Structures are given as structure tokens and as C-alpha cells.
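# Fold and contact review
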Amino acid sequence: MKRLGILLSGRGSNFEAIANSIEAGKLPGAEIAIVISNRTSARGLEISRSRGIPCVAIPSAGMDRETYDGLLIEKLQEFDVDLICLAGFMRLLSTRFVEAFPQRILNIHPSLLPAFPGLDAQHQAIDYGVKIAGCTVHLVDEFLDSGPIIVQRAVEVRDDDTADTLSARILVEEHQAYTEGIRIIVEGNYRVAGRKVIRG
Ligand code: GRF
């Protein structure tokens with residue numbers, strides 16, 4: 001059984017989707033070991049509590065990155081986590097953290113990377129005028145929204161889309177793409193060659 005550690009900062013809808021997938025038997029071989037939020041008020045923590053999934057807030061305010069990441073590593077190891085899923089975790093991770101879990105950290109980003117990394121990706125897409133947007137599940141390296149791509153899903157941008165309407169349609173795809181990405185990694189039927197995640 002692969003034990004997942006979910007890191008989040010807010011709403012937690014991707015976490016909820018992962019929990020739903022596990023419950024529905026769509027992620028055999030995976031269980032959520034712990035949910036960690038850097039914000040005590042994160043809705044993701046409420047979801048976790050109401051589902052009986054272990055969770056903890058580790059507030060990051062005022063702490064330097066190395067110290068904070070040290071706390072995260074400790075907690076994740078305490079819960080024997082095999083795979084870390086960033087699900088709206090609004091912090092950059094240190095090299096120390098990334099090196100503690102080599103190719104064992106996944107992230108989801110609401111754009112077709114390498115387009116529009118960073119904050120407000122859907123807003124960036126609207127402002128740029130792209131016709132196709134989407135989401136990306138990728139392995140995490142020490143750079144922002146970088147790392148080998150596992151799954152991408154495209155979403156058509158409509159002429160009357162706002163950042164909000166586009167975000168809502170991308171989110172539906174995110175919830176499916178994350179489960180797909182986690183399944184690939186949990187099944188282990190892949191290899192990483194440079195920037196490529198090759199299946200089979
Ligand atoms: C998602 O759009 C995700 O792609 C991005 O942050 C948002 C988190 O949403 N990294 P939620 O907390 O999972 O609802």
C-alpha cells in the first residue's frame with residue numbers, strides 16, 4: 001500500500017477528489033496517510049476531519065523555508081508517507097525537501113505547462129488570449145511548476161470566458177487528471193527519462 005501525504009493551503013477540492021477516488025476504488029494500492037496544511041483555516045482541514053482522515057496544521061507564518069520544510073519532512077516521515085501530493089499548497093519547497101523525497105512529489109497546476117507557471121495561471125491564460133488552456137500533473141523538482149510531466153488535460157477557452165468560468169472548467173479536469181497521475185506513479189509502470197515520464 002502506498003501512503004499518500006497531501007499538502008494543501010486552502011479549499012482542498014483536489015484533495016477531496018483524491019479521497020473520493022480512493023473510496024470509489026479508482027486508486028487501488030493508495031491510501032491517504034496524512035493531510036498537512038500550512039494554514040489553520042484551510043477548508044481542506046475541515047474536509048479531512050469530517051472524513052476521519054488524519055490531518056494537522058503546521059503554520060508557516062514567520063518561519064524560514066529550511067526550518068519549515070524540516071518540520072514537514074519530520075511529519076511526513078512520522079506518518080510513513082511514500083508519495084507526496086501537493087494540492088493547492090501555496091509555498092515553494094526547498095531543495096532539502098525535494099531531495100528528501102526524490103521523484104516522490106507530485107503537483108497539479110491549472111495550465112498547460114510550461115505556459116503560465118506561478119500564481120493565477122487561469123488569469124494569465126485569459127489575459128494572453130490563448131484558445132486552449134488546461135492542467136498539468138507533474139513530478140516536482142526544485143523549480144516552480146517545473147519537473148517531468150505525468151498527465152495533461154486540455155480545456156477549450158471560450159470567447160466569453162472569465163478567469164473564474166475558465167477556472168471552474170479546468171478544475172473539473174484537474175480532479176480527474178490528478179487521480180490519473182497518482183495511479184500511474186502508484187502502479188509504478190513508468191520510467192523517467194530526462195524530462196519525460198514514459199509509461200510501460
Ligand atoms: C488548483 O487550481 C490547483 O491546480 C492549484 O491550486 C488550486 C487548488 O485548489 N495548484 P483546491 O484547493 O484543490 O480546491
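The present account deals with the structure reproduced in this document. (Residues numbered from 1 in each chain as written. Predicted model: local features only at pLDDT ≥ 70, side-chain atom pairs only at ≥ 80, totals over all residues. Heavy atoms only, no water.)

## Some words on the packing of aromatic side chains
- Counted according to the given criterion, the structure contains two aromatic pairs.
- Relative to Phe101, the ring of Phe97 lies with its centre 5.3 Å away and its plane at 50°, an arrangement referred to as tilted. Taken as a pair, Phe97 and Phe101 share a single burial class, namely buried. (Phe/Tyr/Trp six-rings, centres within 6.5 Å; stacked < 30°, edge-to-face > 60°. Buried < 20%, exposed > 50% of the residue type's maximum accessible area, 1.4 Å probe, protein only.)

## What about the state of the cysteines?
- Counted by the stated rule, this structure contains zero disulfides.
- Left unpaired, Cys85 is separated from the closest cysteine sulfur, that of Cys135, by 14 Å.
- Residue Cys85 is classed as buried on the basis of its relative accessible area of 0%. (Disulfide = S-S within 2.5 Å.)

## Things to note about the site of the ligand
- Neighbouring the ligand are the residues Arg11, Gly12, Ser13, Asn14, Gly88, Ile108, His109, Pro110 and Glu174.
- One of the side-chain nitrogen or oxygen atoms of Arg11 is found 2.5 Å away from an oxygen atom of the ligand.
- Those elements that provide at least two residues to the shell around the ligand are helix 1 (13-23) and strand 5 (105-109).
- Here the residues of the shell around the ligand are counted per class, giving two nonpolar, five polar and two charged.
- Split by domain, the shell around the ligand shows at least three residues from each of two domains, domain 1 (1-102) and domain 2 (107-200). (Near = heavy atom within 4 Å. Polar contact = N/O pair within 3.5 Å; in protein donor to acceptor, adjacent residues only side chain to side chain. Helix = DSSP H or I, 4+ residues; strand = E, 2+ residues; numbered from the N terminus. Nonpolar A, V, L, I, M, F, W, Y, C, P; charged D, E, K, R; others polar. Domains from an automatic or database assignment.)

Function-wise, these values are silent; they only describe arrangement.
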